[in-house]
Amino acid sequence: MKISIVGATGYTGAELLRLLAAHPVAEILYITSESQPDTPIHEIYPHLTRFCEKRLASLADLETIATESQVIFIGLPHGHAMEVGRKATAINPHVKIIDLGADYRFKNFDIYEQWYKVPHTHRQAQAVYGLTELNRSQVKQAAIVGNPGCYTTASILALAPLVKAGLIDLRSIIIDAKSGVSGAGRGLSLGSHFTELFESVKAYNVAGHRHTPEIEAVLGELAGQELVINFTPHLIPVARGILSTCYAQLRDGVSPEAVDAAYSSLYGDEYFVRLLGRGGYPVTKNTRGTNFCDLGWHVDKRTGRVIAIAAIDNLVKGAAGQAIQNMNVMFAIEERTGLDNAPLYP
């Protein structure tokens, strides 16, 4: 596989390189950075020494990159990936695009523009939403995949069985999610300084986080109708991990056994979704460094609610690992390839 990564110096780009170094059929052709061109990547990320020591190229070489690559991963801020995707596919109609940002996640471009405040310049793109467990058949045929966000991956996987089986009141969904600070990216800001984060937890972007419409769109498609959720993200003082705790009111007459059956039916054959069952407690540490999503659920008979909990590594299943999983599916490579490793523990 001839692979290039556009925007390789962020945490997601570095994680892609770490994982692809162990992929038996992956060959990295080009990695790019506009801020640090011609710098060996291992000088920026010393942990990649002997695994990837390529020099960073520039997007000025996009024609060469697009022509020689079979797949291009894009790790750029929103508004930029769509331009790279548009130009790359015009240069080489056979190149596959996997965008780790938001530009190709929405079928409704108006919603994208409303939440991200930039015009969508590649509206003719027929992109597939790359939550592999739900959209595998579409990913197989896709030329462009919009890789899901990290919060959305955990939250949608937690809620999808309940929504698809019609077990919950769609007006009652509340998501309380917590993320490690690597989800904020590598750039410096006051809110991600050690002294601001250590021994502290904070909510942010309450009622306004950009993953909200993404979750609503995917769950709404599963439900066959539009829905509105409450989503509150929190930043916690760890490097990696997302824990998403999702609440919903069960419809009258829904039994705990029906909830169990919904999860088993949707995920029973999914390798990367580990079902801990009713009463299970997913833990972020148990997914660290892996593409696994651990799921557990609880039925509160007193309130009539179901509480679904998902744990992932935000940089792997929430970003780079899921992107490689999608690449494997797109190119008919065994889906676990390059991703079948045990979690780092402790």
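Residues numbered from 1 in each chain as written. Predicted model: local features only at pLDDT ≥ 70, side-chain atom pairs only at ≥ 80, totals over all residues. Heavy atoms only, no water.

Caption draft 1: Representation of the layout of surface pockets within the structure. The calculated volume of the largest pocket comes to roughly 1400 Å³. Sorting the residues of the lining of the largest pocket by element identifies α1 (11–20), α7 (150–164) and α11 (316–330) as the ones contributing at least two each. Here the lining of the largest pocket gets three residues from one element, more than from any other, and that element is α1. Within this model, the second largest pocket holds a volume of roughly 750 Å³. Residue lining of the second largest pocket: 30 residues in total, with Lys107, Asn108, Ala217, Val218 and Glu221 positioned closest to the centre. Every element with two or more residues in the lining of the second largest pocket is listed here: α5 (109–116), β5 (127–129), α6 (132–141) and α9 (211–223). With eight residues, the single largest contributor to the lining of the second largest pocket is α9. In terms of residue class, the lining of the second largest pocket is made up of 15 nonpolar, eight polar and seven charged. (1 Å grid on protein atoms, 1.4 Å probe; cavity = no way out; pocket = protein on both sides within 12 Å on 5 of 7 lines; lining within 4 Å. Points joined across faces, edges and corners; volume = space filled by probe spheres on them. Helix = DSSP H or I, 4+ residues; strand = E, 2+ residues; numbered from the N terminus. Nonpolar A, V, L, I, M, F, W, Y, C, P; charged D, E, K, R; others polar.)

Caption draft 2: How the structure looks around the sheet that holds strand β3 (residues 71–74). If you trace the six strands from one edge of the open sheet to the other, you get β2-β1-β3-β4-β6-β5, paired in parallel fashion. Sheet topology places β2 (27–32) and β5 at the edges, where each strand pairs with a single neighbour. This sheet shows a mean twist of 20° between the axes of neighbouring strands, independent of strand direction. Direction of pairing for β5 relative to strand β6 (residues 144–146): parallel, over a ladder of three bridges. Counterpart to tyrosine 129 in the pairing with β6 is glycine 146. Relative to strand β4 (residues 96–99), α11 is tilted by about 160°, and along the sheet it contacts β1 (2–6), β3, β4 and β6. (Pairing = 2+ DSSP bridges. Axes fitted to C-alpha atoms, helices over the stretch in contact; angles between N-to-C directions. Contact = heavy atoms within 4.5 Å.)

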